[in-house]
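Residue strings, one per chain:
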Amino acid sequence: MALLNKEQIKEIIPHRDPFLLIDEIVELEPGVRAVGKKYLRPDEFWFAGHFPQEPVQPGVLTIEMLAQTGAVCSLSLPENKGRIAYFAGIDKAKFRNKAVPGDTLTLEVEVIKVRGPLAVCKAVATVDGRKIVTAELTSMLGDAPAAAESGAEKE
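Here the structure is a predicted model, which means the values were calculated and not measured.

Analysis parameters
- Residues numbered from 1 in each chain as written.
- Predicted model: local features only at pLDDT ≥ 70, side-chain atom pairs only at ≥ 80, totals over all residues.
- Heavy atoms only, no water.
- Helix = DSSP H or I, 4+ residues; strand = E, 2+ residues; numbered from the N terminus.
- Buried < 20%, exposed > 50% of the residue type's maximum accessible area, 1.4 Å probe, protein only.
- Contact = heavy atoms within 4.5 Å.
- Pairing = 2+ DSSP bridges.
- pLDDT = per-residue confidence, 0-100.

A. Molecular detail of the side chain of Thr62. When you line up the elements, Thr62 lands in helix 2 (residues 59-75). On the basis of relative accessibility, which here comes to 1%, the residue Thr62 falls in the buried class. If we skip the residues at most four places from it in the chain, Thr62 touches Gln57, Leu105, Ala125 and Val133.

B. Representation of unusual backbone geometry in the model. Cis peptide bonds are those with omega within 30 degrees of zero, and the linkage from Asp17 to Pro18 qualifies with 10°. For Pro18, the location among the structural elements is in the loop between helix 1 (6-10) and strand 1 (24-29). Omega for the peptide link from His50 to Phe51 comes to -5°, which places this bond in the cis form. One can find Phe51 in the loop between strand 2 (33-39) and helix 2.

C. View of the pairing of strand 2. Pairing of strand 1 with strand 2 involves 5 bridges; the strand directions are antiparallel. Within strand 2, the position partnered with Glu29 by the bridge is Arg33. Connecting strand 1 to the antiparallel partner strand 2 that follows it, the hairpin turn spans 3 residues, and Gly31 within it adopts a positive phi of roughly 75°.

D. Highlighting the confidence of the model for the chain. For the chain, per-residue confidence averages 93 on the pLDDT scale, and residues scoring 70 or more make up 94% of the total. Scored below 50 in pLDDT, residues 148-155 makes 7 contacts in the model with residues more than four places away or belonging to other chains.

E. Layout of the environment of Ala125. Along the chain, Ala125 turns up in strand 5 (residues 118-127). A C-alpha to C-alpha distance of 20 Å links Ala125 and Tyr86, two positions 39 residues apart in sequence.

Put into structure tokens, the structure is as follows:
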């Protein structure tokens, strides 16, 4: 059962379609760990070209899904409300198995180190318990840009 749905995720992180790449958060301990889900629909835009004869989930997009799950973890802390998490590093990334249309990715992140605005997470994506991607992801918290003076409003 979802703890946070897509609309609630959008209240925490700034990503929007077509680049909001997580469907729900099923576990959350703010600032400590989070578990997200992504249902790989056959009509995901990337499957048309990756690869036409054998659609395979791109590993780099799985890394992004893990990063977005980590951003929800960090930005759900009350003191981080309204901030943004920027990618600062990807280490020890391993692409272990493939995921395909129809699979559900489970995206687990656990904060293993925090130093000032930097956080390092251990990240694991699985399908039915089978590891797809593992990595250590570093993010840096920053202030979200203010709405443009031209009258644009912040979402």
